[in-house]
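Fold and geometry: a report
In case you want the letters, here they are:
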Amino acid sequence: MAQDSWASDLLRKHIGKKVKFILPITQVSLLINDQAEFSLAKEDGEDPNVTLTISADVLNAYIAGGKDAAAQHVKVSGDVDLAQAMSKLASQLRWEFEEDLSKLVGDALAHRIVQSAKKGRSFGESAIKDFGASVLEYLVHEKPTLVKADELVRYKEDLRRLRDDVDRIEKRIERLLEKSS
């Protein structure tokens with residue numbers, strides 16, 4: 001948040017308020033301090049101004065559908081203004097991981113770590129895509145369970161033509177029967 005002044009400006013009117021996060025394995029309360037930043041809050045028995053209850057399914061939802069899907073697994077209660085500020089922070093705040101990491105390990109190593117992580121993510125996405133294509137190929141060709149869309153369209157057209165041909169033959173047969181009677 002120190003890198004984004006708008007975030008501190010957003011929290012400035014909420015100085016002294018508490019935000020409680022209820023996670024599947026623990027709970028943590030944060031206080032908006034005098035510098036308009038978060039710090040750990042002492043457990044003093046006071047109710048938090050906002051409580052965010054985050055279900056265990058939030059990570060899976062985030063991976064599957066992004067922030068919007070994950071947001072459905074977060075229950076918010078308390079001060080509406082502070083809740084909206086937290087929502088805005090969650091949706092717009094971007095962590096400059098490489099910048100913070102460089103303070104610990106130096107610029108060059110931080111850059112290499114971030115690049116390696118991006119390559120790893122790209123490799124994972126590629127592996128999932130390839131796996132999906134392999135499963136589809138298996139279900140279409142090896143063990144015919146699915147049909148490709150263009151094959152289904154051809155099948156429907158062939159079926160329609162066959163139905164029309166049968167109708168024409170039936171009408172011819174009816175005419176021939178009428179003539180012979």
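The present account deals with the structure reproduced in this document. Because the structure is predicted, anything quoted here is derived from the model rather than measured.

A separate point is the pattern of salt bridges. Overall, the coordinates contain six salt bridges when judged by the stated rule. A salt bridge links Lys17 to Asp79, with the shortest nitrogen-to-oxygen separation between them at 2.7 Å. A residue pair is termed long-range when its members are at least 10 positions apart, and Lys17 in the loop between α1 (5–12) and β1 (18–22) and Asp79 in the loop between β5 (74–78) and α4 (80–92) qualify at 62 residues. A salt bridge links Arg168 to Asp165; its shortest N-O distance comes to 2.1 Å. Highlighted residues: Arg168 and Asp165, both in helix α7 (residues 149–180), separated by three residues, approximately one helical turn.

Turning our eyes to something else, we now look at a nonpolar patch on the surface. Taken together, the side chains of Val147, Leu152, Tyr155, Leu159, Leu162 and Val166 define a hydrophobic patch exposed on the protein surface, amounting to about 560 Å² of accessible area. Note that Val166 resides in helix α7.

Here we have five strands laid out as an open sheet, ordered β3-β2-β1-β4-β5, and mixed in their pairing. Because the sheet does not close on itself, it has two edges, and the strands there are β3 (38–40) and β5. Sheet twist, expressed as the mean angle between neighbouring strand axes with direction ignored, is 25°. The pairing of β1 with strand β4 (residues 50–54) spans four bridges and is classified as parallel. Its bridge partner being in β4, Val19 is matched across the sheet by Val50.

Taken together, Lys171, Arg172, Arg175 and Lys179 make up a surface patch of like positive charges. Turning to its location among the elements, Arg172 is positioned in helix α7.

This part is about a negative patch on the surface. On the surface, a cluster of negative charge is contributed by Asp167, Glu170, Glu174 and Glu178. Its location among the elements puts Glu178 in helix α7. Residue Glu178 is classed as exposed on the basis of its relative accessible area, which comes to 60%.

Criteria and thresholds
Residues numbered from 1 in each chain as written. Predicted model: local features only at pLDDT ≥ 70, side-chain atom pairs only at ≥ 80, totals over all residues. Heavy atoms only, no water. Salt bridge = Lys/Arg side-chain N within 4 Å of Asp/Glu carboxyl O. Helix = DSSP H or I, 4+ residues; strand = E, 2+ residues; numbered from the N terminus. Patch = residues over 30% accessible without salt bridge, like charges linked within 9 Å, V, L, I, M, F, W, Y side chains within 5 Å. Areas by Shrake-Rupley, 256 points an atom, 1.4 Å probe, with all protein chains shown as cover. Pairing = 2+ DSSP bridges. Axes fitted to C-alpha atoms, helices over the stretch in contact; angles between N-to-C directions. Lys, Arg positive; Asp, Glu negative; His and termini not counted. Charge placed at Lys NZ, Arg CZ, Asp CG, Glu CD. Buried < 20%, exposed > 50% of the residue type's maximum accessible area, 1.4 Å probe, protein only.

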